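Listed below are the residues making up each chain.
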Amino acid sequence: MYSSLISKVEKAKRYAEEPQRVSFESFDVRFRGDNGSHRVSLKGDEWTCECEHFHTSGLCAHIMAMQRLFAVNLNKAQRFTTEHVPA
Ligand SMILES: [Zn+2]
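Structural notes, computed from the coordinates. (Residues numbered from 1 in each chain as written. Predicted model: local features only at pLDDT ≥ 70, side-chain atom pairs only at ≥ 80, totals over all residues. Heavy atoms only, no water.)

## Some details on the overall build of the protein
Put simply, the rule is: Starting at the N terminus, helices and strands are each numbered in turn, a helix being any DSSP run of H or I of at least four residues and a strand any DSSP run of E of at least two. Using C-alpha atoms as the atom set, the radius of gyration is obtained and then compared with a globule rule of 2.2 Å times the number of residues to the power 0.38. Only protein chains enter the calculation, and the probe is 1.4 Å; a residue is then buried if its accessible area is under 20% of its type maximum, exposed if over 50%, and partly exposed in between. Contacts are assigned to residue pairs with any non-hydrogen atoms lying within 4.5 Å of each other. Positive charge is attributed to Lys and Arg, negative charge to Asp and Glu, and no charge count is given to His or to the chain ends. To locate a charge, take atom NZ for lysine, CZ for arginine, CG for aspartate or CD for glutamate.
Of the regular secondary structure elements, the protein holds four helices and three strands. For 87 residues, the compact-globule formula gives about 12 Å, and the C-alpha radius of gyration of the protein, at 17 Å, lies well above that figure. Considered along the principal axes of its C-alpha atoms, the protein spans approximately 60 × 25 × 15 Å. Across the 87 residues that make up the protein, the buried fraction comes to 24%. For the protein, the proportion of contacts with a sequence separation of at least 24, taken over those separated by at least 6, is 34%. If the 12 positive side-chain charges of the protein are averaged to one point and the 11 negative ones to another, these points end up 8 Å apart.

Take a look at the structure:
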């Protein structure tokens, strides 16, 4: 029993050194920006942020920062969200 737990811990340590094993499918985070705190969400390939800039252009510094922070854990579509040009 105990040795089995040790082998799980060893495996966890090895996994933790290989972050590319993890791909995010969804999450919600609280992002503390310079001018306030905003909830940033990812669902599938769709990002949302509650900040003003996201609502007008579909992209913002908070999402771009998240894409850089977790690039290894995001698929191509999640990493390269493009700005919407308002009609
Ligand atoms: Zn934002």
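## Structural notes on the coordination of the zinc ion
Here is the rule: Coordinating N, O and S atoms are those within 2.8 Å of the metal (3.2 Å for Na, K and Ca), and as water is not part of the atoms, a site may appear to have fewer donors than expected. In these descriptions, tetrahedral denotes four donors with every angle between 85 and 135 degrees, square planar four donors and octahedral six donors with opposite donors over 155 degrees apart and the rest between 65 and 115, and irregular any other case.
At this site the zinc ion is bound by C49 (SG), C51 (SG), C60 (SG) and H62 (ND1), with donor distances of 2.1 to 2.3 Å. In this structure, the zinc ion is surrounded by four donor atoms whose angles at the metal cover 107 to 113°, and the resulting shape is tetrahedral. Within one chain, the residues donating to the zinc ion are spaced in sequence as C-x1-C-x8-C-x1-H. This pair shows no difference in class: C49 is buried, exactly as C51 is.

## Describing the pairing of strand β1 (residues 26-33)
In plain terms, the rule: Between any two strands, at least two bridges found by DSSP are needed for them to pair.
Note: β1 against strand β2 (residues 36-43), eight bridges, orientation antiparallel. In the sheet register, R32 faces β2, and the bridge partner there is S37. The hairpin formed by β1 and β2 contains two residues between the paired strands.

## Describing the sheet that holds β2
To keep it simple, the criterion reads: In this analysis, axes come from line fits to C-alpha atoms, helices being fitted only over the stretch in contact, and the angle between any two N-to-C directions falls in the range 0 to 180 degrees.
Across the sheet, which stays open at both edges, the three strands sit in the order β1-β2-β3 with antiparallel pairing between neighbours. Bordering the open sheet on either side are β1 and β3 (46-49), each of which pairs with just one other strand. On average, adjacent strands in this sheet sit at an angle of 20° to one another, irrespective of strand direction.

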